[in-house]
Amino acid sequence: MEKTAAATGCRSGEWTLAEAEVLGRSVLRAPSVHNTQPWRVELVDGAVLLRERTDVALPQHDPLRRDLAMSCGTALANLELAVRVLGRRAEVAVLPDPEQPDLVARVESAEPLPPTDQELQRYGAIMVRRSHRGAFTGLPVSAQQTARVAAAAVTTGVKATRLGAMERLAKLFEHAAHALQHDGAYQRELALWTIRDETAHRHGAGIRFSALPPGELPWAGLVRRATVVPDPVVLRERLEAETLLLFTTADDARIDHIRAGYALERCWLEGVTLGLAGAVLTQPLRVPEVRSALCEDYQLAGFPQALLRLGRTTRVAPSSLRRGVAEVLGPKWRER
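Residues numbered from 1 in each chain as written. Predicted model: local features only at pLDDT ≥ 70, side-chain atom pairs only at ≥ 80, totals over all residues. Heavy atoms only, no water.

Q: I tried to follow the overall build of the protein on my own but got confused; where do I start?
A: When its secondary structure is counted, the protein shows eleven helices and ten strands. Radius of gyration (C-alpha) of the protein: 19 Å, near the 20 Å computed for a compact globule of 336 residues. Once the C-alpha set of the protein is aligned to its principal axes, its extents read approximately 60 × 45 × 40 Å. Counting the 336 residues in the protein, one finds 54% classified as buried. (Helix = DSSP H or I, 4+ residues; strand = E, 2+ residues; numbered from the N terminus. Rg over C-alpha atoms; globule rule 2.2 N^0.38 Å. Buried < 20%, exposed > 50% of the residue type's maximum accessible area, 1.4 Å probe, protein only.)

So, in structure tokens, the structure goes:
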């Protein structure tokens, strides 16, 4: 994925309007915390800059901005694929300039290089990837498919591990759910980012109200006051019917969170190419005691950042709202 910021030197290559559209739409289709889409893209000759938007930060859900950085990591994975399908080499430098803290990554891309078949397949998965917050059909994900999905995290500095021992995980999920249900500030923030008038909102950011059914824990991934929290036995049975990948990093700095998001999106897209549905869970990990207990119970060698649910479904989830391409590309591009 990465190359040091100094290892650049690609020749100049102007971006066309059509190429800009591909880059912008690919980034916009990345998953993000509460669908805030906290990023901007800046196009320069032969390079693409991915910048973080802190004006959409979530101080109650994500006070340390781990999910914000992970969201930018998922966007980086999509951006890299878009550059590659445009027939350019993608040399990625993460956090390349300490003087520009909002600059998440710089992708040097002036040199031509045809994409691989795998890159084309994962790029094709970008537009059909959805967050499936409902129950899966119960048909198992094979060990071979799980291994292929997890292998997509290799070389990213992130480890994707399939979780077992669901009884303890169910208890942790139950504790997290009750803690967040009784957190008034958290619930107010979630309400602000929940779109109730879905007909009037055809584009933008936020979570569809219909995507958060009150009885879907842990499938919904977000806990509202009305969410029905089942007992640990029922939770365990639900979890045992799914495949859960845990993403861990060796350290817990901002760059690790970006890498975790990058690895997660690569794995998710690989799952889509295999016909699998998925959804991300980070909410339980934002309750400090749950995160600590997870490390202890599973004897983790690193820091847990996110969970990816995988399974099969016959239901196509509706697409989340998205901002306009002009918004993500910024005013400088509109002036061209």
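Q: Would you mind going over the sheet that holds strand 1 (residues 39-44) with me for this structure?
A: Backbone-to-backbone hydrogen bonds pair the strands of a sheet. The strands run either parallel or antiparallel. Taken in spatial order, the four strands of this open sheet run 1-2-4-3, and their pairing is antiparallel. What marks the edges here is a single partner per strand, and that holds for strand 1 and strand 3 (91-94). On average, adjacent strands in this sheet sit at an angle of 15° to one another, irrespective of strand direction. As paired elements, strand 2 (residues 47-52) and strand 4 (residues 103-108) share five bridges and run antiparallel to each other. Directly across from arginine 51, in strand 4, lies its bridge partner leucine 103. This element, helix 1 (residues 17-28), spans strand 1 and strand 2 of the sheet and lies at about 160° to strand 1. (Pairing = 2+ DSSP bridges. Axes fitted to C-alpha atoms, helices over the stretch in contact; angles between N-to-C directions. Contact = heavy atoms within 4.5 Å.)

Q: How should I be thinking about the pattern of salt bridges in this particular structure?
A: Note on pairing: side chains with opposite charge can pair once their charged atoms come close. In the structure shown here, the tally under the stated rule is 21 salt bridges. A salt bridge links glutamate 19 to arginine 88, with the shortest nitrogen-to-oxygen separation between them at 3.3 Å. Here glutamate 19 is found in helix 1, whereas its partner arginine 88 is found in the loop between helix 2 (66-85) and strand 3, with 69 residues between them in sequence. Per residue, the accessibility class of glutamate 19 equals that of arginine 88, and both read buried. The residue glutamate 198 makes a salt bridge to arginine 208 at a minimum N-O spacing of 3.5 Å. (Salt bridge = Lys/Arg side-chain N within 4 Å of Asp/Glu carboxyl O.)

Q: Before we go on, may I ask you to explain helix 3 (residues 117-126) in this structure?
A: Turn by turn, an α-helix covers 3.6 residues, leaving residues three or four places apart pointing in a common direction. Listed in full, the buried residues belonging to helix 3 are Glu119, Arg122, Ala125 and Ile126. Each buried residue of helix 3 sits inside an arc of 120° when the element is viewed along its axis, so together they form one side. In this fold, the buried residues of helix 3 make contact with helix 1, helix 2 and helix 8 (254-273). (Arc of directions from axis to C-beta.)

Q: Any chance you could explain the pairing of strand 8 (residues 243-249) here in plain terms?
A: Strand residues, when the strand is regular, have side chains that alternate between the two faces of the sheet. In terms of burial, strand 8 is a largely internal element, seven of the seven residues being buried. Burial of strand 8 is two-sided: the residues Thr243, Leu245, Phe247 and Thr249 facing one way and the residues Leu244, Leu246 and Thr248 facing the other way are all buried. Strand direction decides the pairing type here: strand 5 (residues 158-162) and strand 8, joined by five bridges, are antiparallel. Looking at the pairing, arginine 162 lines up with leucine 245 of strand 8. One ladder, built from seven bridges, connects strand 8 with strand 10 (residues 303-311); its direction is antiparallel. For threonine 249, the partnering residue across the bridge sits in strand 10 and is phenylalanine 303.

Q: Explanation requested: the state of the cysteines in the structure shown.
A: Disulfides are covalent bonds that link the sulfur atoms of two cysteine residues. In total, this model carries zero disulfides according to the counting rule given. With no disulfide partner, cysteine 267 has as its closest neighbouring cysteine sulfur the one in cysteine 72, 19 Å distant. No disulfide involves cysteine 295; its sulfur sits 19 Å from that of cysteine 267, the nearest cysteine. Classification of cysteine 295 by relative accessible area gives partly exposed; the value is 22%. (Disulfide = S-S within 2.5 Å.)

Q: What's the story with the sheet that holds strand 8 in this structure? I'm lost.
A: Within the open sheet, the four strands sit side by side as 5-8-10-9. Their pairing is antiparallel. Only two strands of the sheet have a single neighbouring strand rather than two, namely strand 5 and strand 9 (277-281). Across the sheet, the mean angle from the axis of one strand to that of its neighbour is 25°, orientation sign disregarded. Contacts from helix 4 (residues 143-151) reach strand 5, strand 8 and strand 10 within the one sheet, and its direction differs from that of strand 8 by about 25°.

Q: How do you make sense of the environment of alanine 151 when you look at a structure like this?
A: Residue placement: alanine 151 occurs in helix 4. Relative accessible area serves as the criterion here: at 43%, alanine 151 is assigned to the partly exposed category.

Q: How should the side chain of glutamine 305 be read in this particular structure?
A: Residue placement: glutamine 305 occurs in strand 10. When residues no more than four places from it in sequence are discounted, the contact partners of glutamine 305 are Arg66, Met70, Phe247, Thr249, Asp251, Asp252, His257, Ala260, Thr282, Leu285, Arg286 and Arg291.

Q: What is the right way to read unusual backbone geometry from this model?
A: For residues that are not glycine, phi is negative in most cases, and the peptide bond is trans in most cases. Phi at asparagine 35 is positive, roughly 55°, even though this residue is not glycine. Here asparagine 35 lies in the loop between helix 1 and strand 1. The phi torsion at glutamine 299 lies on the positive side, around 50°, for a residue other than glycine. Considering the arrangement of structural elements, one finds glutamine 299 in the loop between helix 9 (288-297) and strand 10. Note on glutamine 299: relative accessible area 72%, which makes it exposed.

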